[in-house]
Each structure stands twice: as structure tokens, then as C-alpha cells.
Amino acid sequence: MAIWTGSQKATAVKCLYELDLGLVGPSLIKGEAELLHPKLVALWAREDVGLTDKDFVSYVAIVKDLDKLWEHLVRPLSLSLSLSLSLSLSLSLSLSLSLSLSLSLSLSPHYGRASR
């Protein structure tokens with residue numbers, strides 16, 4: 001779930017917090033909303049649309065281009081997927097390496113014998 005409003009983010013957070021639905025915390029943290037509900041993935045407002053400073057303060061109407069929101073949501077997901085994939089690949093490579101190493105040691109004719 002994502003919330004995208006034409007108002008400023010601080011106003012949106014205040015209104016959502018007052019509804020007491022458990023969606024957001026009471027204030028902005030470093031300019032971003034504290035998302036509390038596990039299914040709420042984004043809260044976008046005027047600050048996230050890419051308005052000029054003049055347009056931002058003059059409250060021009062905004063067009064919500066969902067492509068921008070999708071790009072914003074997909075980017076972190078693709079990064080975490082590639083990190084998970086590379087982590088699992090490196091783990092399986094190191095496991096197979098240690099497995100082959102232990103097999104070669106146990107098959108060695110001198111393994112476990114006292115030296116002469």
C-alpha cells in the first residue's frame with residue numbers, strides 16, 4: 001500500500017497520525033514519514049513529485065505519475081534481490097568448496113596415519 005497526496009508531507013503525516021490507524025508515526029524523521037504499518041511501503045507528497053521551488057510554494061496542481069512511484073518502489077526491491085542472490089551464491093560456493101576439501105582429505109592415503 002502506498003499513500004500519495006498533493007499536500008506537504010508534514011501535513012499528511014499529521015492527518016494520518018490523528019486518524020489513529022497505526023500507519024505512521026507522529027512526525028517526520030529526517031524529512032521522511034515513519035512508516036509503522038508493515039504493508040505501507042511509501043508515503044509520497046508534494047516533496048516527492050519533483051516540483052520547482054516556485055511551484056511547490058504556490059500550490060500548483062500536481063499530476064501523479066505512477067511510473068515514478070513504481071520506479072521508486074522497484075529500485076530497493078531489485079537491490080535487495082540481487083544482494084540475496086549473490087549472498088546465496090557465495091554461500092553455496094563456499095559450502096561446496098569446503099565439502100570437496102573434506103572429501104579429498106578423507107580419501108587421502110596418509111590422512112590420519114602417524115608419520116614415519
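Details of the structure are given in the entry above.
Report on the accompanying structure. (Residues numbered from 1 in each chain as written. Predicted model: local features only at pLDDT ≥ 70, side-chain atom pairs only at ≥ 80, totals over all residues. Heavy atoms only, no water.)

**Some details on the pattern of salt bridges**
1) Next: Under the counting rule described, the total for this entry stands at two salt bridges.
2) Next: With a shortest N-O distance of 3.2 Å, Glu-32 and Lys-9 are connected by a salt bridge. Taken as a pair, Glu-32 in strand S3 (residues 32–35) and Lys-9 in helix H1 (residues 9–18) lie far apart in primary sequence, 23 residues in all.
3) Next: In this structure, Lys-9 and Asp-48 form a salt bridge, with 2.9 Å as the shortest nitrogen-oxygen distance. Here Asp-48 lies in the loop between strand S4 (42–44) and helix H2 (53–58) and Lys-9 lies in helix H1, a separation of 39 residues in the sequence.
4) Next: Since its relative accessible area comes to 1%, Lys-9 is described here as buried.
5) Next: Accessibility expressed as a relative area gives 22% for Asp-48, which makes it partly exposed.
6) Next: A single network of salt bridges, built from pairs that share partners, joins Lys-9, Glu-32 and Asp-48. (Salt bridge = Lys/Arg side-chain N within 4 Å of Asp/Glu carboxyl O. Helix = DSSP H or I, 4+ residues; strand = E, 2+ residues; numbered from the N terminus. Buried < 20%, exposed > 50% of the residue type's maximum accessible area, 1.4 Å probe, protein only.)

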